[in-house]
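# Topology and contacts: notes
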There are 2 protein chains.
Amino acid sequence: MKISIERAALLKAVSQAQSVVERRNTIPILANVLIEAEGDSASFRATDLDIEVVDKAPAQVERAGATTVSAVTLHEIVRKLPDGALVQLIDDGASGRLTVNAGRSSFSLATLPREDFPVMATTEYSANFSAKAPELRRLFDKSKFAISTEETRYYLNGVYMHVAQGDDGQVLRCVATDGHRLARVDMPLPAGAENMPGVIVPRKTVGELRKLLDDDEMSIAVSVSETKVRFATPDITLTSKVIDGTFPDYTRVIPIGNTRRMEVDASEFAKAVDRVATVSSERSRAVKLSLDEDRLILSVNAPDSGAAEEELAVAYGDEKLEIGFNAKYLLEIASQVDRENAVFLFNSSGDPTLMREGNDTSAVYVVMPMRV
Amino acid sequence: MKISIERAALLKAVSQAQSVVERRNTIPILANVLIEAEGDSASFRATDLDIEVVDKAPAQVERAGATTVSAVTLHEIVRKLPDGALVQLIDDGASGRLTVNAGRSSFSLATLPREDFPVMATTEYSANFSAKAPELRRLFDKSKFAISTEETRYYLNGVYMHVAQGDDGQVLRCVATDGHRLARVDMPLPAGAENMPGVIVPRKTVGELRKLLDDDEMSIAVSVSETKVRFATPDITLTSKVIDGTFPDYTRVIPIGNTRRMEVDASEFAKAVDRVATVSSERSRAVKLSLDEDRLILSVNAPDSGAAEEELAVAYGDEKLEIGFNAKYLLEIASQVDRENAVFLFNSSGDPTLMREGNDTSAVYVVMPMRV
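Bear in mind that the values here come from a model prediction, so they are computed numbers and not experimental data.

As a further point, take the overall build of chain A. When helices and strands are counted, chain A shows 6 helices and 26 strands. Referenced to the eigenvectors of the C-alpha coordinate spread, the extents of chain A come out at roughly 80 × 50 × 35 Å. Looking at chain A as a whole, 54% of its 372 residues qualify as buried. Long-range pairs, those at least 24 residues apart, make up 67% of the contacts in chain A with a sequence separation of at least 6. Put simply, chain A shows about 16,600 Å² of open surface, and 46% of that area lies on carbon and sulfur atoms. Across chain A, the mean location of the 43 positive side-chain charges is 4 Å away from that of the 56 negative side-chain charges.

Structure, rendered in structure tokens:
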């Protein structure tokens, strides 16, 4: 293999690869990126056996070929090369070394044979559709905070992406929950997604996917099977196993009879919660909401460190209510609101509370109260 | 006590206090800041028993008095208050609580009696002088990287500030070393510093002092005794014990007979060292410098991960030389150079190397070589 490639294109491709690679692993080749050069491009493939990413970059290929080198080391080198450098990658096949040349710098990196690199088996996908990057970004950005980190409840360690019945017809829906709070975010169902099986997209895949979604104009090709999901742009293909488990019936958790309605400026609300929570104990982080005629009092009472209280003007016309929450959960859902006021729908102080943005039901959040 | 104070002024005062307070300590009152209000100002005092900082801020004092509250909690609260808020601090003396009011927020914090707060004993200072903030900043900024972190060599855990004989008369000098590298930085001796005893200023004090030195126009009043050092601006007084030990005779370490002279662009040099060090082993970080007629070759050879080489154009007219260094040490001293080229003076590959900026001898660095 002998190729020349622009530093910027190489950096982009290798960045994504090194981020998929697990820092600590016992199988040496999993630390490597597989470089394959042919025609007028080079592809960079990395995997942790659950996720595989392939980045394609334009390259001048003088001699086609393939090899594998440490993804982290190659990334570090390319990152430190000067802007605008042209990078040459040469592997003569015999020495077991990849030479990296740029300007007056020259590196020689240990390689492992390409034959040892585990390439993910191909799958028959049962649904193929495309979606705009900003739409997918919204689905995952607004739901991922609620993903559980409890390893024993592995079926909650991801975002449940599936087809559901929304208020105005079928939707593509993402749901995540950890048992304390839940996020449910919808977008109009893209053509071709009708028969998509519901899949639980693992947390790490959600993180890697995010990097494909920055470009507002980009259209993302999505393919889904019972066991795998694939997201692709013209240059990058991200394939991931999905979590082999059953996502619980979340619809039971979403309250429908909550009638006590509070409307509040989300940013003012978040700042006030953050302030009063300063004195709350590290462990409980409990904040009490006391509601009465257009008035919300947030309060914390921690015997050790002190007490705090703040009043906020809100829209509230129902009966008096006192209800407690974990401040962290309130802050996280309030920060999902970006256009309108936050609308909270309460039932009693022991029941789950629903939050949404204005009257928009395409993203709703549920949070369990706590005794205060 | 009952006072009103601008949020910005309060934040500045409390920031410095909470930074001196040790996060984990067994004496509860050391977590607190002592607030004393009288006349038209309030002072905020914090200590870890080795360092004491007192910040003064203008305040409307309605009722004079004093109390102590958690520095970290008060800082967190003030930080989260909106810009421009007027903050009221009220302590009625009986409840054991300090009330903090701002807008519609109200906090009640546990207090401890002012009598329990350990105020640092006053000292007779044997030298008092003043210096411009940028001058002191240079002294400490350019030397602190070489402070040792080895607790057993406690006398190296700070910067040795003393009066010395420079090339053009007496200087105020800061020296730090960890046995592998050494920094020696001079400034013209300020009037009044002639009889200053040499003191070892602890690492933490150097860090706290740094915050007083940001304002280029500020003049800093420095007072030194055998056991303490004090730095003061009109608003802030930082008093610190000095390290009770003898700084080793560093002059023996600074080579005087090094004649092989290399001149190099410091930034190009640092970037090249950083690049080739990418493949060096985590532990040794060894980089080899090979010098020959205006040419420097930097190289690393790590059996496991690979090899790297980079050539740099330098000014060098002496005999061929090969010498190895820890990449981290080279990077740190190269980053001290800000105006001119770095000048390295070598002797043999086993001898300490000297580095300075151009022909300026007011800041010199010594670095020990390593076998490569």
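Right, let's talk about the environment of V171 of chain B for a bit. Residue and element names in this part refer to chain B. For V171, the position within the fold is in strand 12 (residues 169-177). Given a relative accessible area of 10%, V171 falls into the buried group. Separated by 23 residues in the primary sequence, V171 and E194 have C-alpha atoms spaced 9.1 Å apart. Ignoring anything within four residues of it in the chain, the contact list for V171 reads H162, V163, A164, G166, D186, M187 and L189.

All names here are of chain A. Taken in spatial order, the 9 strands make up an open sheet running 14-11-12-13-26-25-24-18-22, and their pairing is antiparallel. What marks the edges here is a single partner per strand, and that holds for strand 14 (199-202) and strand 22 (315-316). Pairing of strand 18 (residues 260-264) with strand 24 (residues 342-346) involves 5 bridges; the strand directions are antiparallel. Bridge assignment links E263 to a residue of strand 24, and that residue is V343. Sitting on the sheet, helix 4 (residues 203-210) is in contact with strand 11 (158-166) and strand 14, with an inclination near 70° to strand 14.

Moving on to the interface of chain A and chain B. Chain A puts 30 residues into the contact, and the matching count from chain B is 30 residues. Between chain A and chain B, the buried area comes to about 2,300 Å², and carbon and sulfur atoms account for 50% of it. Broken down residue by residue, the surface that chain A buries against chain B is led by K80, R104 and R275 of chain A, which jointly contribute 28%. One salt bridge connects K80 of chain A with D274 of chain B, and the closest N-O pair in it is separated by 3.2 Å. Inspection of the chain A/chain B interface yields 16 residue pairs in polar contact (both at pLDDT 80 or more). Those elements that provide at least two residues to the side of chain A that touches chain B are helix 2 (71-80), strand 9 (105-112), helix 5 (266-277) and strand 21 (306-313) of chain A.

Counting 208 residues, the largest nonpolar core has F140, M161 and F269 of chain A together with F140, M161 and F269 of chain B as the members making the most contacts within it. In terms of residue count, helix 5 of chain A provides more of this core than any other element does, 7 residues in total.

Below, the discussion takes up the pairing of strand 23 (residues 321-326) of chain A. All names here are of chain A. Along strand 23, 5 of the 6 residues are buried, which leaves the element largely enclosed by surrounding structure. Two strands pair when backbone bridges link them, and strand 19 (residues 286-292) and strand 23 are joined in this way by 6 bridges, in the antiparallel orientation. Its bridge partner being in strand 23, A286 is matched across the sheet by N326.

What follows covers the relation of the copies chain A and chain B. Overlaying chain A on chain B yields an RMSD of 0.0 Å, the required transformation being a rotation through 180° with an accompanying axial translation of 0.0 Å. Both copies are brought into coincidence by an operation consistent with a two-fold rotation axis. Among all residues of chain A, the one whose C-alpha sits closest to the rotation axis is R23 of chain A, at a distance of 16 Å.

Once that is clear, we can look at the environment of A270 of chain A. Residues and elements named next belong to chain A. Tracing the sequence through the fold places A270 in helix 5. Relative accessible area serves as the criterion here: at 18%, A270 is assigned to the buried category. Measuring from C-alpha to C-alpha, the distance between A270 and I333 comes to 9.1 Å, with 63 residues separating the pair along the chain.

Residue and element names in this part refer to chain B. Across the interface, helix 5 (residues 266-276) lies against helix 6 (residues 327-334) with an axial gap of 9 Å and an inter-helix angle of 160°. Between helix 5 and helix 6, the crossing angle belongs to the class labelled roughly antiparallel. Judged by the twist between their axes, the crossing of helix 5 over helix 6 is left-handed. Residues A266, F269, A270, V273 and D274 of helix 5 touch helix 6, and the partners they reach there are A327, L330, L331 and A334.

Thresholds applied
Residues numbered from 1 in each chain as written. Chains lettered and ligands numbered in written order. Predicted model: local features only at pLDDT ≥ 70, side-chain atom pairs only at ≥ 80, totals over all residues. Heavy atoms only, no water. Helix = DSSP H or I, 4+ residues; strand = E, 2+ residues; numbered from the N terminus. Buried < 20%, exposed > 50% of the residue type's maximum accessible area, 1.4 Å probe, protein only. Contact = heavy atoms within 4.5 Å. Areas by Shrake-Rupley, 256 points an atom, 1.4 Å probe, with all protein chains shown as cover. Lys, Arg positive; Asp, Glu negative; His and termini not counted. Charge placed at Lys NZ, Arg CZ, Asp CG, Glu CD. Pairing = 2+ DSSP bridges. Axes fitted to C-alpha atoms, helices over the stretch in contact; angles between N-to-C directions. Buried area = accessible area lost by both parts, 1.4 Å probe. Salt bridge = Lys/Arg side-chain N within 4 Å of Asp/Glu carboxyl O. Polar contact = N/O pair within 3.5 Å; in protein donor to acceptor, adjacent residues only side chain to side chain. Core = buried A, V, L, I, M, F, W, Y, C linked by side-chain atoms within 4.5 Å. Least-squares fit on C-alpha atoms with pLDDT ≥ 70 in both. Parallel < 35°, antiparallel > 145°, perpendicular 65-115°, else oblique. Left-handed = near helix turned anticlockwise from the far one by under 90°.

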